Amino acid sequence: MKIGIVILVIVLILALVLGSSFVARRNQMAIKREAVNAAWSQVDVVLQRRADLIPNLVETVKGYAVQEQVVYGEIARARSALLSAGTPAEKIAANGQLDSALGRLLVIVENYPQLKSNENFMRLQDELAGTENRIAIERRNYNQVLQDYNTYISLFPNNLIASMAGFPRNDAYFKTEPGARQVPKVNFDYPKNPGAQTPAPAKPAPTPAPAHP
């Protein structure tokens, strides 16, 4: 009888310890998943901000390069895909397409130095540059938080608890594809007269030959 009671007490203690561990680890997973959601919300805000700037920027460039319809179409399609995407993975894919299209737009801008005199373009360019910096910061933070969540649920015995409690791995990372993030830097400090060439230095006059007597 006493042995049975002892065994029952041991079983109850083990059940309490395991149950407490299960609850604690599950709660930690929930906290980390909410951190991922919060980090993504910040990314979403800056992606939306950039999407709002793009139409005005494109319209300004069109005033100088109306013939570049292919690039404008690519930007419009990528922006539409970004705004209609429903999941982080879909938005990340659409954002990659938009990055590439904007890179081609900046190449076009380099061919039109007169855009420097357009105050509206310069203001939009500054706002876009600031937004790009925010995107870089927020996506880096998001990737770090997501990596922390995925690492935590991959450890033993967390992986067993994650499987039972419904915490799947999330692989919706921002990934840098070869060449995808190599957006060209645009230098708007053009020379005053781009067509002028630096004159070659004057050749020294030949030394006259000495006179013969």
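Because the structure is predicted, anything quoted here is derived from the model rather than measured.

Student: Hey, could you run me through the overall build of the protein in this one?
Tutor: When helices and strands are counted, the protein shows 5 helices and 0 strands. Listed by position from the N terminus, the elements making up the protein come as α-α-α-α-α. Here the protein holds 213 residues, and 31% of them are scored as buried. Sequence-distant contacts in the protein: of pairs separated by 6 or more residues, those separated by 24 or more amount to 80%.

Student: So what exactly am I meant to see when it comes to the packing of aromatic side chains here?
Tutor: This structure, assessed with the given rule, holds 3 aromatic pairs. With 6.1 Å between their ring centres and 25° between their planes, Trp40 and Phe174 make a pair best called stacked. You can see Trp40 sitting in helix 1 (residues 2-62) and its partner Phe174 sitting in the segment after helix 5 (158-165), a full 134 residues away along the chain. Residue class for Phe174 comes out buried when judged on its relative accessible area of 6%. The ring of Tyr152 is capped by Lys32, whose NZ or CZ atom sits 5.2 Å from the centre of that ring.

Student: Would you take a moment to explain the nonpolar core for this structure?
Tutor: Here is a general trend for soluble globular proteins: nonpolar side chains tend to be buried in one another's company. Judged by nonpolar contacts, the single largest core of 45 residues is most densely connected at Ile75, Leu105 and Tyr142. When residues in this core are grouped by element, the largest group, 13 residues, is from helix 1. Residues within four places of Tyr142 in sequence aside, it is in contact with Val36, Ala39, Trp40, Val43, Pro88, Ile92, Ala172 and Phe174.

Student: I'm lost on a nonpolar patch on the surface in this one. Help?
Tutor: Side chains of Phe22, Val23, Phe156, Leu160 and Met164 sit close together on the surface and give an oily, nonpolar patch of about 540 Å² of accessible area. Of all the secondary-structure elements, those providing two or more residues to the nonpolar patch are helix 1 and helix 5. Secondary-structure assignment places Met164 in helix 5.

Student: In this structure, what is going on with the packing of helix 2 (residues 69-84) against helix 3 (residues 88-110)? I would like to understand it.
Tutor: The angle between the axes and the distance between the axes are what describe a pair of packed helices. Where helix 2 meets helix 3, the axes come as close as 8 Å, and the angle between the chain directions of the two elements is 155°. Accordingly, the angle class assigned to the pair helix 2 and helix 3 is roughly antiparallel. The interaxial crossing formed by helix 2 with helix 3 has left-handed handedness. Residues Val71, Tyr72, Glu74, Ile75, Ala78, Arg79, Ala81 and Leu82 of helix 2 lie in contact with helix 3, whose contacting residues are Lys91, Ala94, Asn95, Gln97, Leu98, Ala101, Leu102, Arg104, Leu105 and Ile108. Split by residue class, the contact of helix 2 with helix 3 holds 12 nonpolar, 2 polar and 4 charged.

Student: Even after reading the chapter, I still don't get the confidence of the model for the protein, so can you show me in this structure?
Tutor: One rule of thumb: low pLDDT means the predicted coordinates there are not for detailed reading. Confidence in the prediction of the protein, expressed as mean pLDDT, is 82, and 81% of residues score 70 or more. Segment residues 178-213 is flagged for pLDDT under 50; beyond a separation of four residues in sequence, or across chains, it makes 26 contacts in the model.

Student: So what exactly am I meant to see when it comes to the pattern of salt bridges here?
Tutor: Any two side chains of opposite charge can pair, given that their charged atoms come close. Across all of its chains, the model carries 10 salt bridges by this definition. Arg104 is paired through a salt bridge with Glu74; the nearest N and O atoms lie 2.8 Å apart. Of this pair, Arg104 sits in helix 3 while Glu74 sits in helix 2, and the two are 30 residues apart along the sequence. Residues joined in a network through salt bridges with shared partners are Arg49, Arg123 and Glu127.

Procedures and definitions
Residues numbered from 1 in each chain as written. Predicted model: local features only at pLDDT ≥ 70, side-chain atom pairs only at ≥ 80, totals over all residues. Heavy atoms only, no water. Helix = DSSP H or I, 4+ residues; strand = E, 2+ residues; numbered from the N terminus. Buried < 20%, exposed > 50% of the residue type's maximum accessible area, 1.4 Å probe, protein only. Contact = heavy atoms within 4.5 Å. Phe/Tyr/Trp six-rings, centres within 6.5 Å; stacked < 30°, edge-to-face > 60°. Lys NZ or Arg CZ within 6 Å of the ring centre and 35° of its normal. Core = buried A, V, L, I, M, F, W, Y, C linked by side-chain atoms within 4.5 Å. Patch = residues over 30% accessible without salt bridge, like charges linked within 9 Å, V, L, I, M, F, W, Y side chains within 5 Å. Areas by Shrake-Rupley, 256 points an atom, 1.4 Å probe, with all protein chains shown as cover. Salt bridge = Lys/Arg side-chain N within 4 Å of Asp/Glu carboxyl O. Axes fitted to C-alpha atoms, helices over the stretch in contact; angles between N-to-C directions. Parallel < 35°, antiparallel > 145°, perpendicular 65-115°, else oblique. Left-handed = near helix turned anticlockwise from the far one by under 90°. Nonpolar A, V, L, I, M, F, W, Y, C, P; charged D, E, K, R; others polar. pLDDT = per-residue confidence, 0-100.

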